[in-house]
Amino acid sequence: HRLPEELGALEQGRLRLQADIRDRELDKAAAGTALEIFEELHRDNDGLLEQLLEELGQSVQKILPGGTELQMESRGEFALAELLVPDAGGTGRRIEHLSSGTRDSFVFSARIALAGNSREADDPAMLMLDEPFLTLDEPRERQCLEFLREFQQERGWQLVILTKEARLRDLASEVFADAHVLHQLERGAG
């Protein structure tokens, strides 16, 4: 009379093993699907980073003299420390080895490129810049303003530039012929 109990226990063990095998097969299938997803994301990220680098390079070429493209020092994953930016002579240098004006021009163009990529081309927005060119000389300020004008014309964005520098205000008025310039009254003025 112990035989039916032993057969029942063996049957339950067999059912548990089958359930365990099904669970492991599902885990294996899920792991395979996850691996495919991560591989696709990696490919997509590489493509997006390449596209961003290309667009950033186009922005930088409009502001910086030199005429060379952005490059990565080594092939592999995108890393800001590996980025080579053209200096005034066209030689690719790491960001920390650029003059402050070239570095600030690069950072400015990168910010504008990223802002432009944050929205659809037909989805206008407003871009507000507060003292954007403090470390730049007048020729680079002009290049940056002309780049902004082109950006505005392509995207249809409204631009607001805040500055206390009369020279920049006048230069912006010259570059943006249809600009509305607001002057803050001096302290003590009526």
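Think of each chain on its own: its residues are numbered from 1, step by step along the sequence as written. This being a predicted model, a pLDDT of at least 70 is required before a residue's local features are given, and a value of 80 or more before pairs of side-chain atoms are given or counted; all residues contribute to the totals for chains, interfaces and linings. Excluding hydrogens and water, the side-chain figures rest on all heavy atoms present in the structure.

S.K.: What exactly am I supposed to notice about the pattern of salt bridges here?
M.R.: Between side chains of opposite charge, a pair can form as their charged atoms come close. Salt bridges are counted wherever a side-chain nitrogen of Lys or Arg sits within 4 Å of a carboxyl oxygen of Asp or Glu. Taken as a whole, this structure holds seven salt bridges when the rule is applied. E174 serves as the salt-bridge partner of R142, at 2.7 Å between the closest nitrogen and oxygen. Remark: E174 occurs in helix α4 (residues 166-175) and R142 occurs in helix α3 (residues 138-155); sequence separation between them is 32 residues. The buried label applies to any residue whose accessible area, calculated with a 1.4 Å probe on protein chains only, is under 20% of its type's maximum; exposed applies above 50%, and partly exposed to all values in between. Its relative accessible area of 26% is what places R142 among the partly exposed residues. Between D170 and R169 there is a salt bridge; the shortest N-O distance is 3.3 Å. D170 sits in the partly exposed class, given a relative accessible area of 43%. Put simply, DSSP marks the helices as runs of H or I at least four residues long and the strands as runs of E at least two long, and each gets a number from the N terminus on.

S.K.: Quick question: what am I supposed to make of unusual backbone geometry here?
M.R.: Peptide bonds are mostly trans, and most non-glycine residues show a negative phi. One non-glycine residue, E131, adopts positive backbone phi at about 45°. If you trace the backbone, E131 turns up in the loop between β4 (126-130) and α3. Since its relative accessible area comes to 16%, E131 is described here as buried.

S.K.: Please clarify how α3 should be interpreted in this entry.
M.R.: A turn of α-helix holds 3.6 residues, and therefore any two residues three or four places apart point the same way. Here, expected helix span is obtained from the residue count minus one, scaled by 1.5 Å. An ideal rise of 1.5 Å per residue puts 26 Å on 18 residues; α3 measures up with 25 Å between its terminal C-alpha atoms. Along α3, the residues classified as buried are R140, E141, C144, L145, F147, L148, F151 and R155. Along the axis of α3, the buried residues cluster in a sector spanning 155°; they form a single face. Summarising the geometry of α3, the exposed residues directed more than 90 degrees from the buried face are P139, Q153 and E154. Of the residues trailing α3, G156 is marked for its positive phi of about 75°. What the arc covers is the set of directions going from the helix axis to the C-beta atoms.

S.K.: How do you make sense of the nonpolar core when you look at a structure like this?
M.R.: Side chains that are nonpolar tend, in soluble globular proteins, to be buried together. In this structure, F108, I112, L127, F133, L145 and L148 are the most contacted members of the largest nonpolar core, which totals 21 residues. If you list the elements that add at least two residues to this core, you get α2 (100-117), β4, α3 and α4. Ranked by the residues each element gives to this core, the list is headed by α3, at five residues. Beyond its immediate chain neighbours, meaning those up to four positions away, F108 contacts I63, L129, P132, F133, C144, F147 and L148. The nonpolar core is taken to be a set of buried Ala, Val, Leu, Ile, Met, Phe, Trp, Tyr and Cys residues, with the residues joined through side-chain atoms within 4.5 Å. Core analysis: the second largest hydrophobic core is formed by 13 residues, L56, L64, L70 and A113 among them. By definition, residues are in contact when any of their heavy atoms lie within 4.5 Å.

S.K.: Explanation requested: the sheet that holds strand β1 (residues 71-72) in the structure shown.
M.R.: Hydrogen bonding along the main chain pairs the strands of a sheet, whether they run parallel or antiparallel. A pair of strands is labelled paired if DSSP reports no fewer than 2 bridges between them. Strand order in the open sheet formed by three strands is β1-β2-β3, with antiparallel pairing between adjacent strands. At either margin of the open sheet sits one strand with a lone partner, and together these are β1 and β3 (92-94). Bridge count between strand β2 (residues 83-86) and β3: three bridges; the pairing is antiparallel. Bridge pairing in β3 links L84 to R94.

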